[in-house]
Structures are given as structure tokens and as C-alpha cells.
Amino acid sequence: MNVTESPSQFSTDLVLDLGAELHRLTDRRIRLSRAYEQRIHAADIGPASTLSTSDLREAAVGGPIVVINVSTLRCDAIVVRDPEPRTVPLPELTYGDARSTAIRYHESLLATQAASDAFFDAHEAAMDGGVEATERFLELSAQLVNARRDEERILIDTSQWLWQTVVQPVKRHLALAPIDSASTSRLWWCPTGPLVGLPLHAAGTAPGPSAESVLDWAVSSYTPTISALLSARRAAAREPSTVEPGTFLVLSLSATPGERPLPHVVAEADSILSRLPPHQVTTLDNENATRQRVRDGLTAHRSVHLGCHAEQDLIDPSNGALVLHDGRLTVLDLGRSHFDGDFAYLSACKTATGGLALAEESVSMAAALHVAGFHRVIATLWSVEDVIAAQVADLVYGQLAEDGRFAPGSAARALHRALVSVRAENPDRPSRWSPFVHLGI
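Reference entry: report on the structure contained in this document. (Residues numbered from 1 in each chain as written. Predicted model: local features only at pLDDT ≥ 70, side-chain atom pairs only at ≥ 80, totals over all residues. Heavy atoms only, no water.)

1. Quick notes on helix α7 (residues 291-300)
Next, step 1: Every buried residue belonging to α7 is among V294, G297 and L298, and all of these are buried. On an axial view of α7, the arc spanned by its buried residues comes to 100°, and they lie on one face.
Next, step 2: On its buried face, α7 sits against β6 (248-252), β7 (281-285), β8 (303-307), β10 (321-324), β11 (327-330) and α8 (331-335). (Buried < 20%, exposed > 50% of the residue type's maximum accessible area, 1.4 Å probe, protein only. Helix = DSSP H or I, 4+ residues; strand = E, 2+ residues; numbered from the N terminus. Arc of directions from axis to C-beta. Contact = heavy atoms within 4.5 Å.)

2. Some remarks on the packing of aromatic side chains
Next, step 1: Scanning the entire structure with this criterion turns up nine aromatic pairs.
Next, step 2: Look at F119 and F137: their rings are 5.2 Å apart centre to centre, the planes differ by 35°, and that puts the pair in the tilted class. Here F119, found in helix α3 (residues 95-127), pairs with F137, found in helix α4 (residues 131-174); they are 18 residues apart in sequence, far enough to count as distant.
Next, step 3: Note on F137: relative accessible area 17%, which makes it buried.
Next, step 4: Aromatic pair F248 and F406: ring centres 4.9 Å apart, planes at 75°, arrangement edge-to-face. You can see F248 sitting in strand β6 and its partner F406 sitting in strand β15 (residues 405-406), a full 158 residues away along the chain. (Phe/Tyr/Trp six-rings, centres within 6.5 Å; stacked < 30°, edge-to-face > 60°.)

3. Re the pattern of salt bridges
Next, step 1: Here the structure, examined in full by the defined rule, presents 19 salt bridges.
Next, step 2: Notably, a salt bridge pairs R74 with D76, separated by 2.6 Å at the nearest N-O pair.
Next, step 3: For D76, a relative accessible area of 7% corresponds to the buried category.
Next, step 4: A salt bridge links R291 to D333, with the nearest nitrogen and oxygen atoms 3.5 Å apart. Highlighted residues: R291 in helix α7 and D333 in helix α8, separated in sequence by 42 residues.
Next, step 5: With a relative accessible area of 29%, R291 lands in the partly exposed category.
Next, step 6: Within the structure, one salt-bridge network assembled from shared partners comprises E152, E385, R429 and R432. (Salt bridge = Lys/Arg side-chain N within 4 Å of Asp/Glu carboxyl O.)

4. Some details on the sheet that holds β10
Strand pairing in a sheet relies on backbone hydrogen bonds, with the paired strands running either antiparallel or parallel.
Next, step 1: Strand order in the open sheet made by the three strands is β9-β10-β11, with antiparallel pairing throughout. With partners counted over all chains shown, the strands left at the sheet margins are β9 (309-311) and β11, one partner each. Strand-to-strand twist in this sheet, taken as the mean axis angle between neighbours without regard to direction, amounts to 35°.
Next, step 2: Across three bridges, the pairing between β9 and β10 is antiparallel. Within the sheet, the bridge partner assigned to H309 lies in β10 and is V323.
Next, step 3: Most of the contacts of α7 go to β11, to which it runs at about 30°, and overall it touches β10 and β11. (Pairing = 2+ DSSP bridges. Axes fitted to C-alpha atoms, helices over the stretch in contact; angles between N-to-C directions.)

5. Some words on the nonpolar core
Next, step 1: Counting residues in each nonpolar core, the largest one holds 63 residues, and the members touching the most others are I68, L93, W189, L195, L251 and L298.
Next, step 2: What W189 contacts, discounting residues up to four positions off in sequence, is V66, I68, V166, V167, L200, H201, V214, S220, S221, Y222 and T223. (Core = buried A, V, L, I, M, F, W, Y, C linked by side-chain atoms within 4.5 Å.)

6. Regarding α4
Next, step 1: The end-to-end C-alpha distance of α4 is 61 Å, a good match for the 64 Å that 44 residues give at a rise of 1.5 Å each.
Next, step 2: The largest bend in α4 comes to about 50°, at V167, with the proline P169 one to four residues further on.
Next, step 3: Backbone geometry just downstream of α4 places A175 in the positive-phi region, at approximately 50°. (Expected span 1.5 Å × (residues − 1). Bend = angle between axes of the 7 residues up to and from the residue.)

Following this line, the structure appears as C-alpha cells:
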């Protein structure tokens, strides 16, 4: 992991005190989040300008945009929709509570990732035999089970807190009705400060027969800024595209030099290849997935699926990168580019980085692809189990690729249905369905 400050020291000793380090890193992440969005935004469309009322209406044409303002003075939701924006007070939300909840959330993800890393290393050592290695493997197996149990509990607590402090007032203001087969309300979240990276789309009450969740009331998407969403809408409306429609790039790095295997990316690629005509799909796997070929592929294809490792630089998020066969393709590289893309599925992960890095990684990579020209992006807030990653991808592509044609216009709804399906099988395990997010239109 190429970082100036790295949490890698946590990956081999789970008894270290994570609290002080997480406070420091989370504070840094909060300070960087807005600056990073401005940097990516400026790289794509120039210096930000004030949006007019008509611009705001155009941005919100598909449904309301909810900007969550978190400050030490007061916290509000600014709901942007026709005929004009409205402010919804959030009296139970405070900056201090948001910060402490974010720290606890990221600390939990970091601990689970550290336990997973240690378990993987111990498994490799135990394969070589030896009593001591086997005993260490069994010990770390138990620690991983405990870390995952704690993570599920904290994810549920975070979900309930978001529902109570943020979602309930917004839901009342919008008078949302439950989703049914006849209607699906769209909703765009634009969080700020400590709430960046928290799963607002999965907020809800405690699991149970009478549980409520955002998933039951709206199809959620995210946008890094209102300007980014407006830019995507205008770009999608322009005709004609300079890239041949129907083209699909599948990046599948199950084996990358110096990195751990990613077996699930093969199943994800197969899910696409089994549904689309071969002449529409370009596949770049392992040694064929070079920096230049990937950049060329992003330019030449309307839709892309990126299955590979990724890195995040905690000090400079724009230095985060996709890890390819011959090197790194950074967030800043993507932000400086312009693509005529329609859909991107980011199935990249970095199993050797900590939870805090993972949470920012998926958001920043997705934002870079979105602002650089891909109107719709699916990504994850943190690493998920291989089987679940492949399951969600298969459910999404099963809806978007029917009769040999790929139609990504309903990507947000397809992801929503996939998450509802996975949640039905795992109601008490939000780690399996809440990490997946949709950005853009």
C-alpha cells in the first residue's frame, strides 16, 4: 500500500489500541472529503460556479436531492426539488454525535479487515503444517468470528442512528410511500462532513418483522456534488455519443503481481459474458490488463466492469489507484480524463488496507469515474465477501442484460432490487447488503 501514513500496523496485532489512530484518521478524512470533491470537480468541468434555481430544478428532475449539512452550529437537510429547495431541520443530529458515530463505524470496519488479513496470513502458514501454525490459525479464526459479530452489531446501531437522526425527518417531509411494483421513488443523497461514507441508503430500524428501512421507501443514489449530478444529466441528454452503443469492457484481474488472489472477479466476468454477444464485449484479464490498455478501454467503451485490487492514499485521496498488471491507474489520472461512458461497475477492493481506507476508496474511485464521464456507477463502501460480491453482480446484470442487450438506464433500480433480495436472506447481517451504492443518474 503506497501511503504516507498507513494503518497496516493493525493487520498483524488485533490487540493494539485503535481508538486514537482512528480519531486522527477520521478527522483527516473529514477535512479531505470536501477538498477532494472540489479537486475532482475542477479537473472535469472547471471552477465551481453558483447554481441557479433552474439548474437545481434540472438536477432534481428525477427525484429529490438531499444534501445533509453537518456543522457545529446546526444540522439540516437541504431538500432540492421542484419548485424550490427546502430546509428540513435535523434537531437530533449534532456534529459531535456524527463524528463519534463515524469513528466507531470506521473503527469496526478496520478491525474486521485487520482480523481478515491476519486470518488469511495464518491460513497460508497453516497450509505448510506445524502445530504452532495450526494453533495460531485456530486462534485467529475465532478472532475473525468475533470481529465480524461486532461489526454487524455496530452496522445495525449506525443504521438505527441514521434512521432516527437523518432519515425520519426527511421521510416525513417528502411524504414517501412504500415502494411497490407500480411506483419506485428515486432519492439522491449528498452527505457532508462525518456522514460521508456512511450507508444512508441502508438506514433503518432494528431487524425484525416490523422493521423499516430506506430500502422500503426509496431507490437511493449518491452524488458527490449537485453540479456532478447536473453534469451527468446534461451529458446523458446530448446526442449522439461518440462511442459505439452496446460496447462493454470487462476487467478481470484474479491474479495481480504482489497482490492476493481475487477469485470472485472471474464469476462476475462470467455473469456478463454469459448474457451478452461476444462481439460486444472486450475482456482484459490479468497480464492483459495494463495501464494503457485499461485507459484506452475506458475511452472506447460505454460500459465497464472493473474487477481488480485498488489502493488508497490516506493523505492524498487523489493518489488512490486501481492496481493493474503493470502498475497503478490513479484517481487523479481518471479525474484528468474525459470519457463518453454510460455505466461503470467498480468491483475493486484492497484487502491489505484498513477499513477506513476502504470506506474512502470506493467513494473516491466511484466519484472520479462518475465525474470523468460515466453517468452511472455502482461501487462498494468497503470490502465484501467474495460470494456476496458475485451474487450481487449476477443479480444486477441479470436485470440489465436481457435478450442479449445491455440497458443500464435502470442500474439504480437493479441494484436496489438486488440488495432487497440479499437482505431478505440476511436480515441480521447488513455487512452483506449495505456496502453497495449507486452514484449518478
